[in-house]
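Now for the letters of each chain:
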Amino acid sequence: MHRLRTCAVRLRPLTTSQAAQTVGPKRPITATYTRTFQSIRCYTAPVASEPFLNGTSSNYVEEMYYAWLENPKSVHKSWDVFFRNANAGAPPGTAYQSPLGLTATPQLSSLVGAQPNVEKLVEDHLAVQSLIRAYQVMGHHNAHLDPLGISCVNFDDAPVSSGFQDVDAVKERLQVLTVGGFYGLDESDLEKVFRLPTTTFIGGPESALPLKEIIRRLEMAYCQHIGVEFMFINDLEQCQWIRQKFETPGVMQFTLEEKRTLLARMVRSTRFEEFLQKKWSAEKRFGLEGCESLIPSLKTIIDVSSASGVEYVIMGMPHRGRLNVLANVIRKELEQIFCQFDSKLEAADEGSGDVKYHLGMYHRRINRVTDRNITLSLVANPSHLEAADPVVQGKTKAEQFYCGDNDGNRVMSILLHGDAAFAGQGIVYETFHLSDLPSYTTHGTVHVVVNNQIGFTTDPRMARSSPYPTDVARVVNAPIFHVNADDPEAVMYVCKVAAEWRATFHKDVVVDLVCYRRMGHNEMDEPMFTQPLMYKQIKKQKPVLQKYAEKLIADGTVSRQEYEEEIAKYDKICEEAYARSKDEKILHIKHWLDSPWPGFFTLDGQPKSMSCPSTGLTEENLNHIGQVASSVPVEDFTIHGGLSRILKSRGEMVRNRTVDWALGEYMAFGSLLKEGIHVRLSGQDVERGTFSHRHHVLHDQNVDKRICIPMNHMAPDQAPYTVCNSSLSEYGVLGFELGFAMASPNALILWEAQFGDFHNTAQCIIDQFICPGQAKWVRQNGIVLLLPHGMEGMGPEHSSARPERFLQMCNDDPDVMPNITDDFAVQQLYDCNWIVVNCSTPGNYFHVVRRQILLPFRKPLIVFTPKSLLRHPEARSSFDEMLPGTHFQRLIPEGGATASERPGEVKRLILCTGKVYYELTKERKSRGMEGTVAIARMEQLSPFPFDQVKAESERFTNADLVWCQEEHKNQGYYDYVKPRIRTTIQRAKPVWYAGRGPAAAPATGNKNTHLMELRRFLDTAFDLEAFTDQQ
Ligand SMILES: Cc1ncc(C[n+]2csc(CCOP(=O)(O)OP(=O)(O)O)c2C)c(N)n1
Ligand SMILES: [Mg+2]
């Protein structure tokens, strides 16, 4: 309203030259231009009463006025008359009067001649502007997106009638906004010429068009085979960019060469599936039939990105069309794909492998269109739909990080989705929310949805409550380009624009390929059971290749003979590869590795050694890191008083040659950084630490956003340290860090849960990737999970990180005593699927973290980290335990002088792990039982320290054996350790249990009950008669 008044005021008194001076040359179409007006705003009451100048009309009048100032002929005659009247000095209010009023002013009437109804004229122009906007906002609802033409059927009698199926209502709405509707435009207006606002590009070089032509061009831009959903984006420049791409007349024209390439790609895509169907008709392959244009779509995105400088594309995709993508986009050798169909081939690699449509891939080649090198990697994934999304993003971020690609110009990700999964899986949303966070952004992902309008047997009416499967992308303002996948040229165009969008704005974008699924969910499935009408239609549907070929043959782009030759050529390629695949004798899963680590292994993929050097540090080094940890390494930086005290006490610890938990961690991270190892710690509130013990980021108390990360002031040639508070997502962030850790073995990547139990919202990443990743995909990963754990009387939640679950998934055999060789400890680590530890001292935590990197191979590490031990005066380690020559202790034996000197007198050996050790030693001391009860700590639970448990049990031959834990009996470690201890001692003795009884919840909500339970199991642990009557 303000801008309107300003404009109206200016219309009246200014001459052309005055006005030109005020507003300057023609304004660029940018988000800033409105600000120019705000600064010269003035309000005058009389003109505010003009009836037609209200609301959004002011923009329009303004635009028209400036155009008129530049060239009076550029606006419709009636506007010309109107502006001349106004400039000629019509008093306030009268320039806008009805024709009667105008003609009543003889002076003006002689100036401009006979007047039309100005009010109607303005209304009509406003209506046209609204019409244009309506197409931009809602045109996609009227586009012909569905190749089957069934998405608009009347679903009124469907069991559920809301959301997506309400297409008629949407149409009606658009109708109201168009000719004959709400704005009062009618047939008689169709020939009238209207000035086009600057928010449209349909005019091309023309600034005004007849209404008929305006509608035709809008229909062409928004209601054909492309539906552009973008008007929710709150950035004018971005909206203008999109409008220009889709509205400019003639944008969708392709050269002969482009059309031929497109046809050749369609041939490959289609014939590949046909070939597989012919050879293995009884095999599941999740074919692409019905969405063959996916292949040219991905190739276009890659071509355009390569042209803009991208060298590495990391992709994630589900089952559908995966083999086709491997063959025709990534260009894996066809024989390698075909031999996956031969189940008799034996795998050469260790591990259990995975089905062919889950395997990953890494390939470097020349992009034929751009003649530049391009590396393509498809991340291996489990069946769990969308689970690979954050993993792909993390890997992409890491690749960008390691090559210094700060803006994503050289490395990018493409994510493919199914329509049902994209709408249904929450991880899609969690991943989108990482897309613009500084430590997680990959600077724009191109998402491609294979929207075959069905998920297994469920159609969209039952699968989602939103109009499109892509609506989730709107939360991050990603434009969404819906396209009818039966029009390969339209597909190619939107993919080109999507890649350009990513290169221009470095933000996410979605291509929604609306298609169909010609077969059932897989090739063995009968879709007519559940979707009879849809599949009747599908059977009638002419394959897209045939349609496109006929079109190109008809317009002379190719001859029928050329087309047939192209088919024959590709069929021959397939046949020859098939013949070669028959010669393969062995399967190499290694050939399907998505992230090779060149130089880390020997040439045949083995670790370069089977030993681990000492993880200790020199006194000097410990001192140096300790000093950094206890100081503020920048000038004039005011930290919080409480933090000053923390740093001071760290300084004292360093002088006393001791570390607490936080300082032990500092020593581990700091030393690795100094050794050139990038360290990245991510998770909720990790910068300070949930328990306020870490403080890796200092905040200036006087200057907003001024921070200091002392860890990055370690040494001039150190590796960078990344510590980042994450979004409140476990699934997304853990997946992301796992992906980050995939990129390089020479980095320590840690994810910390706020409390250990919250890891279960990321269970899929743990179960599907971390635990079995190497077995399925021969891919090692050294990610570290820090899971705060411990029964502190805090209630059922916040207590247990569920050690039992991690232990249950360890692959070591409980019933087989392994051969104890010299390199047993390392060999065991090499053979395991992951390492599970519960350290009782900061020194041991320090060692296990450093060991992660000093090992010659990579395994995931699960660490149950303490809460009360963070500040426990006894949970400290001396520098002596961290000096050169020291190692991580898998088991800390009983170290007390009394028990050690007279081991024969020890009546009980209690084995335990973690914090309960401190409760046990306190109780032992109070009972004066140091001579009769020995306590050993199992720091590494898995792989199980068979050798050290054996040695410790043999030390105390007269002792009975007790496993003591603070967790409930059906939880914690008992079920894991018991059979292994029994195997170690050759079942010579029972393993008694002292701990909480079985329970459904991890802990009681009542503090008293908690303490009573503790007392009870401590009593049992120290009652030497407790088990005498038991067998
Ligand atoms: C998390 C998860 N839940 C369930 C399944 C079982 N499942 C496999 S495919 C599929 C349908 C997927 O539909 P859509 O995403 O549209 O992909 P399409 O198969 O249609 O290409 C389902 C439910 C799965 N793989 N992952
Ligand atoms: Mg689907």
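All figures in this text were calculated on a predicted structure; none of them were measured in a lab.

Draft legend 1. View of the overall build of the protein chain. Within the protein chain, the secondary structure is distributed over 38 helices and 28 strands. Of all 1031 residues assigned to the protein chain, the portion counted as buried reaches 58%. Here the analysis covers contacts within the protein chain between residues at least 6 apart in sequence; of these, 81% occur between residues at least 24 apart. Within the structure as shown, the protein chain displays about 40900 Å² of accessible surface, and the carbon and sulfur contribution to it stands at 51%.

Draft legend 2. Layout of the coordination of the magnesium ion (ligand 2). With distances of 2.0 Å, the protein atoms coordinating the magnesium ion (ligand 2) are Asp419 (OD), Asn452 (OD1) and Ile454 (O). Each donor residue of the magnesium ion (ligand 2) lies on one chain, and together they are spaced D-x32-N-x1-I.

Draft legend 3. Just the sheet that holds strand S21 (residues 861-865), in detail. Read from one edge to the other, the open sheet built from 7 strands follows the order S17-S14-S18-S19-S21-S20-S26, with strand pairing classed as mixed. Edge positions in the sheet fall to strand S17 (721-725) and strand S26 (940-942), since each of these pairs with one other strand and no more. Each adjacent strand pair in this sheet contributes to an overall mean axis angle of 20 degrees, direction not counted. By the bridge criterion, 6 bridges tie strand S14 (residues 678-683) to strand S18 (residues 747-752) in an arrangement that is parallel. Its bridge partner being in S18, Leu681 is matched across the sheet by Leu750.

Draft legend 4. Up close: the packing of aromatic side chains. All chains considered together, the criterion is met by 35 aromatic pairs. Between Tyr222 and Phe230, the aromatic rings sit 6.4 Å apart at their centres with planes inclined by 10 degrees, giving stacked as the arrangement. Both residues of the pair, Tyr222 and Phe230, belong to the buried class. Ring centres of Phe669 and Tyr721 lie 6.0 Å apart, and the angle between their planes is 45 degrees; on these two criteria the pair is classed as tilted. Taken together, the residues span a long stretch of sequence, with Phe669 in helix H27 (residues 661-674) and Tyr721 in strand S17 at a distance of 52 residues.

Draft legend 5. Examining the site of ligand 1 more closely. If you check the shell around ligand 1, you find 15 residues, and the closest are Arg320, Ser383, Asp419, Ala420 and Ile454. Within the contact set of ligand 1, a nitrogen atom lies 3.2 Å away from a backbone nitrogen or oxygen of Leu385. In this structure, an oxygen atom belonging to ligand 1 sits 2.9 Å away from a side-chain N or O atom of Asn452. In isolation ligand 1 offers 580 Å² of accessible surface; the protein chains occlude 75% of this area. Among the elements that make up the shell around ligand 1, the one with the highest residue count is helix H18 (residues 419-424) (3 residues). Split into classes, the residues belonging to the shell around ligand 1 amount to 5 nonpolar, 8 polar and 2 charged.

Draft legend 6. Looking closely at the pairing of S18. Burial analysis of S18 places 6 of its 6 residues in the buried class, the great majority of the element. Residues Ala747, Ile749 and Trp751 of S18 are buried on one face, and the alternating residues Leu748, Leu750 and Glu752, pointing to the opposite face, are buried as well. Across 3 bridges, S18 lies against strand S19 (residues 784-788) in parallel orientation. Along S19, the bridge assignment pairs Glu752 with Leu786.

Draft legend 7. Quick look at the sheet that holds strand S10 (residues 480-484). In spatial order, the strands read S3-S10-S11-S9-S8-S4-S7-S6; together these 8 strands make up an open sheet with mixed pairing. For this open sheet the edge positions go to strand S3 (226-229) and strand S6 (361-367), each flanked by a neighbour on one side alone. Between one strand axis and the next, the sheet turns by 20 degrees as a mean value, whatever way the strands run. Sheet strands touched by helix H21 (residues 488-505): S3, strand S8 (411-418), strand S9 (445-451), S10 and strand S11 (509-514). Its angle to S10, the strand with the most contacts, is close to 165 degrees.

Draft legend 8. Up close: the packing of helix H36 (residues 946-955) against helix H37 (residues 974-984). Where H36 meets H37, the closest approach of the two axes is 9 Å, and the angle between their N-to-C directions is 65 degrees. Where H36 crosses over H37, the two elements pack in a sense that is right-handed. Residues Phe946, Val949 and Lys950 of H36 lie in contact with H37, whose contacting residues are Arg980, Ile981 and Thr984.

Draft legend 9. View of the pattern of salt bridges. With the rule as written, the count across this model stands at 52 salt bridges. Where Glu619 meets Arg657, a salt bridge forms, and the shortest distance between an N and an O atom there is 2.6 Å. Here Glu619, found in helix H25 (residues 619-629), pairs with Arg657, found in the loop between helix H26 (641-655) and strand S13 (658-659); they are 38 residues apart in sequence, far enough to count as distant. The exposure class assigned to Glu619 is partly exposed, which follows from its relative accessible area of 27%. You can call Arg657 partly exposed: its relative accessible area is 26%. A salt bridge links Arg694 to Glu665; the nearest nitrogen and oxygen atoms lie 2.6 Å apart. Highlighted residues: Arg694 in the loop between S14 and strand S15 (698-699) and Glu665 in helix H27, separated in sequence by 29 residues. Accessibility assignment for this pair places Arg694 and Glu665 in one class, buried. Each of Lys120, Asp124, Asp189 and Lys192 takes part in one network of salt bridges that share partners.

Draft legend 10. Inspection of the packing of helix H28 (residues 731-743) against helix H29 (residues 763-770) at higher detail. For the pair H28 and H29, the least separation of the axes is 8 Å and the interaxial angle reads 30 degrees. The angle between the axes of H28 and H29 places the two elements in the roughly parallel class. Contacts from Tyr731, Leu734, Gly735 and Leu738 in H28 reach Cys764, Ile765, Ile766, Phe769 and Ile770 in H29. For the contact of H28 with H29, the per-class residue count stands at 8 nonpolar, 1 polar and no charged.

Draft legend 11. Broad picture of the confidence of the model for the protein chain. Mean pLDDT over the protein chain works out to 88, with 87% of the residues at or above the 70 mark. Below a pLDDT of 50 lies the segment residues 92-114, which in the model reaches 37 contacts outside its immediate sequence neighbourhood of four places, other chains included. The low-confidence segment residues 153-167 (pLDDT under 50) makes 22 contacts with residues lying over four places distant or belonging to another chain.

What counts, and where the lines are drawn
- Residues numbered from 1 in each chain as written.
- Chains lettered and ligands numbered in written order.
- Predicted model: local features only at pLDDT ≥ 70, side-chain atom pairs only at ≥ 80, totals over all residues.
- Heavy atoms only, no water.
- Helix = DSSP H or I, 4+ residues; strand = E, 2+ residues; numbered from the N terminus.
- Buried < 20%, exposed > 50% of the residue type's maximum accessible area, 1.4 Å probe, protein only.
- Contact = heavy atoms within 4.5 Å.
- Areas by Shrake-Rupley, 256 points an atom, 1.4 Å probe, with all protein chains shown as cover.
- Donors = N, O, S within 2.8 Å, 3.2 Å for Na, K, Ca; no water.
- Pairing = 2+ DSSP bridges.
- Axes fitted to C-alpha atoms, helices over the stretch in contact; angles between N-to-C directions.
- Phe/Tyr/Trp six-rings, centres within 6.5 Å; stacked < 30°, edge-to-face > 60°.
- Near = heavy atom within 4 Å.
- Polar contact = N/O pair within 3.5 Å; in protein donor to acceptor, adjacent residues only side chain to side chain.
- Nonpolar A, V, L, I, M, F, W, Y, C, P; charged D, E, K, R; others polar.
- Left-handed = near helix turned anticlockwise from the far one by under 90°.
- Salt bridge = Lys/Arg side-chain N within 4 Å of Asp/Glu carboxyl O.
- Parallel < 35°, antiparallel > 145°, perpendicular 65-115°, else oblique.
- pLDDT = per-residue confidence, 0-100.

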